[in-house]
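Below, each chain spelled out in residue letters.
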Amino acid sequence: MQYLTPQLTKEVISRLKIFENDLCNVFQRYGYDLRDNLGRRNQLVSQAQEKEFARSLRNIYKEVIEDGSPGKPDIYIVDIDKELECKLSSGSGKSKTFSLQTDWVTLENKKELDYLYLLTTPDFEGFCALLFRGLTTDDFYPPASGSRGKARMNKSVAMKKCEVLHGRVINKKSLMIQKWGIRKGMTEIEKNKKIEDLQKELHESDNTSRKEKIVEMIISESRRYNKKIDKFHQNVLSWLTKDDEFSFEFHKV
C-alpha cells in the first residue's frame, strides 16, 4: 500500500525548507551559523520532519500519531496499523557519504519497520527521499564496537526494498557493467565491419602480393580487436563480482 507519494514528499520538503531557513535567521541574529554543525542542524529539523510528514498524512488518514520518544515510533498511522521511522542526514566526512543507520535494538525488538530517509545537501537545497518497506536486521550490518548501538545499512540487500520519492539513486555497479558491455559490443561491431571490408578486398584483388598483405592485415586487426574486446569483457566480469555501490542524486524542490 502506497501511503507516501512523491507529491506529498515535495510538499513536506517545501515546509521543511522554510523551517530550516527560519532557524538560520534566528541563529544569525545571535551571531551563530546553524550550518556550522550539520549534525546539530539535522537534530533540530528532524523533529519538524516527523511532524510535517504526520501533518500531511492526516489529510489522507483519520488518525496519525507522531512521537519520537524512546520506544515509540516516529510516526504511527493508526488506520492502517503502520509504523514509520524517520531519518534526516546530510552525510558524513568530506565526501559526504550516507551510511543510512538505524538503532539495532529497536529494529531487533520490532522485527520489521518502514523507514523514511531524507538525505540533504549542506545548504538544504537538494534532497533525496527514500522509503524502505519492511526492513529487518538482515538489511543492516551488526553494530560495530563504539557505535552506540547504531547499525549501518547493507545497501546491496536493503535497496531492493527502496522506493525513491524524490531525487535519484544511482547503482555504480550497474552503470559500469552497462558501460563496459556497450564498449565491448561497439568494438565487436567495428571488428566485424573491418574484417568484412578486408575480406571483400581480398576476394576482389588479383594481386598476389596484395592478397598476402591483406591476409596479414586480417590477422593483425583480429588480434588487435580481440585484445580490446577481451579487456572490456574482463572489466564486465570484474564488476559482476563486486557488491552494489550506490550514490544519491539530489534534486531541488
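This text goes with the structure placed above it.
Keep in mind it's a predicted model, so treat the numbers as computed, not measured.

Undergrad: Would you mind going over the overall build of the chain with me for this structure?
TA: A tally of helices and strands in the chain yields six helices and 10 strands. Burial analysis of the chain (253 residues in total) assigns 37% to the buried set. A fraction of 64% describes how many contacts in the chain between residues 6 or more apart in sequence connect residues 24 or more apart. In the form shown here, the chain has an accessible surface area of approximately 15000 Å², with 49% of it arising from carbon and sulfur atoms. Considering the chain, the positive charge centre built from 45 side chains and the negative charge centre built from 39 side chains are found 4 Å apart.

Undergrad: Looking at this structure, how should I read the nonpolar core?
TA: Soluble globular proteins tend to bury their nonpolar side chains together. Within the largest apolar cluster, 28 residues are counted, with the highest numbers of intra-cluster contacts made by Leu4, Leu57, Ile75 and Leu84. For this core, the secondary-structure elements that each account for two or more residues are helix H1 (6-29), helix H2 (38-57), strand E2 (75-77), strand E3 (82-89), strand E5 (113-120) and strand E6 (127-135). Sorting elements by how many residues they give to this core places H1 first, with six residues. In contact with Leu4, not counting residues within four places along its chain, are Phe53, Leu57, Leu84, Leu116, Leu131, Glu163 and Leu165.

Undergrad: Explain the environment of Ser69 here, please?
TA: With respect to the secondary-structure elements, Ser69 resides in the loop between strand E1 (64-66) and E2. We classify Ser69 as partly exposed; its relative accessible area is 29%. Placed 124 residues apart in sequence, Ser69 and Lys193 show a C-alpha to C-alpha distance of 68 Å.

Undergrad: When you look at the environment of Ile77 in this model, what are you seeing that I'm missing?
TA: Locating Ile77 in the fold gives a position in strand E2. With a relative accessible area of 0%, Ile77 lands in the buried category. Spatially, the C-alpha atom of Ile77 lies 6.5 Å from that of Ile65, the residues being 12 residues apart in sequence. Setting aside residues no more than four positions away along its own chain, Ile77 makes contact with Tyr3, Leu57, Tyr61, Glu63, Val64 and Lys82.

Undergrad: Explanation requested: the layout of surface pockets in the structure shown.
TA: In this approach a probe as big as a water molecule rolls over the atoms, and the regions it shows empty are the leftover space. If you add up the space inside the largest pocket, you get close to 900 Å³. Lining the largest pocket are 35 residues, with Cys86, Lys87, Leu88, Gln101 and Lys150 positioned closest to its centre. Among the elements of the structure, H2, E3, strand E4 (101-103), helix H3 (104-110) and E5 are those that each provide at least two residues to the lining of the largest pocket. In terms of residue class, the lining of the largest pocket is built from 10 nonpolar, 16 polar and nine charged.

Undergrad: Which parts of the structure should I look at to understand helix H5 (residues 172-204)?
TA: Each α-helix winds once per 3.6 residues, and so residues spaced three or four apart point in a common direction. Look at H5: 48 Å from first C-alpha to last across 33 residues, which is about the 48 Å you get at 1.5 Å a residue. Within H5 the residues assigned to the buried category are Lys173, Met176, Trp180, Thr187, Lys191, Ile195 and Leu198. The elements touched by buried residues of H5 are strand E9 (168-171) and helix H6 (208-240). Structurally, the start of H5 carries an N-cap: the backbone nitrogen of Lys173 is 3.0 Å from a side-chain oxygen of Asn171.

Undergrad: Before we go on, may I ask you to explain the pattern of salt bridges in this structure?
TA: Should their charged atoms come close, side chains of opposite charge can pair. In total, this model carries 16 salt bridges according to the counting rule given. For Glu52, the salt bridge goes to Arg15, with nearest N and O atoms at 2.5 Å. Of this pair, Glu52 sits in helix H2 while Arg15 is found in helix H1, placing the two residues 37 residues apart along the sequence. Judged by its relative accessible area of 13%, Glu52 is buried. Among the residues examined, Arg15 registers a relative accessible area of 27% and is labelled partly exposed. Arg35 is paired through a salt bridge with Glu20; the nearest N and O atoms lie 2.9 Å apart.

Undergrad: Sorry if this is basic, but what is going on with the packing of aromatic side chains here?
TA: Given two aromatic rings, their pairing is described by the distance between the two centres and the angle made by the two planes. In this structure the tally under the stated criterion is nine aromatic pairs. For the pair Phe98 and Phe248, a centre-to-centre distance of 5.9 Å together with 85° between the ring planes defines the contact as edge-to-face. Placement of Phe98 in the loop between E3 and E4 and of Phe248 in strand E10 (residues 246-249) is noted, with a sequence separation of 150 residues between them. Residues Phe98 and Phe248 agree in their burial class; the two are buried. An angle of 10° between the planes, with centres 5.7 Å apart, marks the rings of Tyr115 and Tyr117 as stacked.

How each quantity is defined
- Residues numbered from 1 in each chain as written.
- Predicted model: local features only at pLDDT ≥ 70, side-chain atom pairs only at ≥ 80, totals over all residues.
- Heavy atoms only, no water.
- Helix = DSSP H or I, 4+ residues; strand = E, 2+ residues; numbered from the N terminus.
- Buried < 20%, exposed > 50% of the residue type's maximum accessible area, 1.4 Å probe, protein only.
- Contact = heavy atoms within 4.5 Å.
- Areas by Shrake-Rupley, 256 points an atom, 1.4 Å probe, with all protein chains shown as cover.
- Lys, Arg positive; Asp, Glu negative; His and termini not counted.
- Charge placed at Lys NZ, Arg CZ, Asp CG, Glu CD.
- Core = buried A, V, L, I, M, F, W, Y, C linked by side-chain atoms within 4.5 Å.
- 1 Å grid on protein atoms, 1.4 Å probe; cavity = no way out; pocket = protein on both sides within 12 Å on 5 of 7 lines; lining within 4 Å.
- Points joined across faces, edges and corners; volume = space filled by probe spheres on them.
- Nonpolar A, V, L, I, M, F, W, Y, C, P; charged D, E, K, R; others polar.
- Expected span 1.5 Å × (residues − 1).
- Polar contact = N/O pair within 3.5 Å; in protein donor to acceptor, adjacent residues only side chain to side chain.
- Salt bridge = Lys/Arg side-chain N within 4 Å of Asp/Glu carboxyl O.
- Phe/Tyr/Trp six-rings, centres within 6.5 Å; stacked < 30°, edge-to-face > 60°.

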